[in-house]
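Descriptive analysis of the structure
So the chains spell out like this:
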Amino acid sequence: MKYIQKRLFSLTRRCLDSLVFVETASGKVTSGSLSTITAAAQLGEPVTALVAGSEGEGVSKQAAGIEGVSNVLVAKDAKFDHYLAEELSPLIKSVIESRNFSHFVTPSSAVGKSLLPRLGAIMDLQPVSEIIKVEAKDTFVRPIYAGNALATVKSNEKTILFSVRPSAFAPAATGSAEVPIEEISADTDSQSRTEFVSEDLVTSERPDLGSAKIVVAGGRGLKDKETFDKLLEPLATKLNAAVGASRAAVDAGYCDNSLQIGQTGKVVAPDLYIGIGISGAIQHLAGMKDSKTIVAINKDPEAPLFNVADIGLVADLNESLAELTEKL
């Protein structure tokens, strides 16, 4: 009888566990995944980290040292290396159903935005996307209308699927403490007709845009790619900052689309954000208005970015940026 009671208690606890998908880049756990673990820990349940890919063994050891993680599951198979949602979703569905997880959590990265709706479809569950606050185990706050309003959403699903906006949560601390690591079967039949062919990544020695403490961003006011590079690069170098851009600058060909900040780009919340020649359309504000200190530099005093800026400078970009860079 005591064994049965103990076993039932164990199963009850397992039903209240949260499963967090951990992404990696260059063999390291991403900052977004660390923030997602912080959000999952606020549910007040044990957090299980799921690592997938051929480098799973090394990454699982990193995940085991993250504060808030109680155990790690690893699926070591090359078919998960590029995080194709068609391959990952059957694996995650199998893990959730076989172990009775109450929550599944993923960063609202490009991977998460591809994975979450597919997982919701095959499990017949309604996900909650891009939460910025955990109110309760079934209640979350998320932005709507390009961040102009906040909605409090309550989920009645038996298994709650949600993604986390990393800029809203501090990254979980990493240490030397280790938790159990369990290898799980990667033998799931996805019946996928999608295969990875190749990728062309833009590499930079600058800090990653999504996690940089300082961001220097340029907009249409910089006129062309030559001016964009000439004015922003020296300033970013002096500040050891990441370079970003508005959608208008990306569409005009000033820089690569991986640098786009906004509702349809990356969401950033650095300690210091300097917007140069950016008018401040609502879609752009949705991606940076949570920055701790916002500086706007624009010759147009009516630019909407000034409405959210802590410091504003109305001046000619060519003169003011050259002077600012020189003084730095």
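Since we're looking at a predicted model, the values are computed, not measured.

Reading the values: the criteria
- Residues numbered from 1 in each chain as written.
- Predicted model: local features only at pLDDT ≥ 70, side-chain atom pairs only at ≥ 80, totals over all residues.
- Heavy atoms only, no water.
- Helix = DSSP H or I, 4+ residues; strand = E, 2+ residues; numbered from the N terminus.
- Rg over C-alpha atoms; globule rule 2.2 N^0.38 Å.
- Areas by Shrake-Rupley, 256 points an atom, 1.4 Å probe, with all protein chains shown as cover.
- 1 Å grid on protein atoms, 1.4 Å probe; cavity = no way out; pocket = protein on both sides within 12 Å on 5 of 7 lines; lining within 4 Å.
- Points joined across faces, edges and corners; volume = space filled by probe spheres on them.
- Nonpolar A, V, L, I, M, F, W, Y, C, P; charged D, E, K, R; others polar.
- Phe/Tyr/Trp six-rings, centres within 6.5 Å; stacked < 30°, edge-to-face > 60°.
- Buried < 20%, exposed > 50% of the residue type's maximum accessible area, 1.4 Å probe, protein only.
- Contact = heavy atoms within 4.5 Å.
- Expected span 1.5 Å × (residues − 1).
- Arc of directions from axis to C-beta.

1. Considering the overall build of the chain
Scanning the chain for helices and strands turns up 9 helices and 17 strands. The C-alpha radius of gyration of the chain comes to 22 Å, within 12% of the 20 Å expected for a compact globule of 328 residues. Considered along the principal axes of its C-alpha atoms, the chain spans approximately 80 × 40 × 40 Å. Surface summary for the chain: the accessible area is close to 16900 Å², and the carbon and sulfur share equals 49%.

2. Focus: the layout of surface pockets
Any space left empty among the atoms is revealed by the rolling of a water-sized probe across them. In this structure, the second largest pocket spans a volume of roughly 490 Å³. Residue lining of the second largest pocket: 28 residues in total, with R220, G221, G277, I278 and S279 positioned closest to the centre. When contributions to the lining of the second largest pocket are tallied by element, the ones reaching two or more residues are α6 (225-239), α7 (247-251), α8 (282-285) and α9 (317-327). Classifying every residue of the lining of the second largest pocket gives 8 nonpolar, 14 polar and 6 charged.

3. So, the packing of aromatic side chains
Enumeration over the complete set of coordinates arrives at 3 aromatic pairs. Centre to centre, the rings of F21 and Y83 are 5.4 Å apart; their planes meet at 80°, and the pair counts as edge-to-face. With F21 in strand β1 (residues 18-21) and Y83 in the loop between β5 (69-75) and α4 (85-99), this residue pair connects regions lying 62 residues apart in the sequence. The two residues F21 and Y83 agree in class, both being buried. Arranged with centres 6.3 Å apart and planes meeting at 50°, the rings of F228 and Y254 form a pair that is tilted. With F228 in helix α6 and Y254 in the loop between α7 and β15 (272-276), the pair connects residues that are 26 residues apart, well separated along the chain. Both residues of the pair, F228 and Y254, count as buried.

4. Regarding the environment of G53
By the element assignment, G53 lies in the loop between β4 (47-52) and α3 (56-64). With relative accessibility at 3%, the residue G53 sits in the buried group. C-alpha of G53 to C-alpha of T188: the two residues are 135 residues apart in sequence and 14 Å apart in space. Apart from the residues within four sequence positions on either side, G53 is in contact with A75, K76, D77, F80 and D81.

5. What to know about unusual backbone geometry
A positive phi angle, close to 55°, is found at S26, a residue other than glycine. Take S26: it is sitting in the loop between β2 (24-25) and β3 (28-29). Positioned with a positive phi, N100 is a non-glycine residue whose angle comes to about 55°. Mapped onto the elements, N100 comes out in the loop between α4 and β6 (103-107). On the basis of relative accessibility, which here comes to 43%, the residue N100 falls in the partly exposed class.

6. Digging into helix α5 (residues 110-123)
Helical geometry: 3.6 residues make up each α-helical turn, so side chains three or four residues apart lie on a common side. Compared with an ideal rise of 1.5 Å per residue, which puts 14 residues at 20 Å, α5 spans 21 Å between its outermost C-alpha atoms and is within 8% of the ideal. Within α5 the residues assigned to the buried category are V111, G112, L115, L116, L119, G120 and M123. What you see down the axis of α5 is that its buried residues fit within an arc of 135°, all on one side. Residues of α5 that are exposed and point more than 90 degrees away from the buried face comprise A110 and A121. The elements touched by buried residues of α5 are β1, α4, β6, β7 (128-131) and β11 (160-164).

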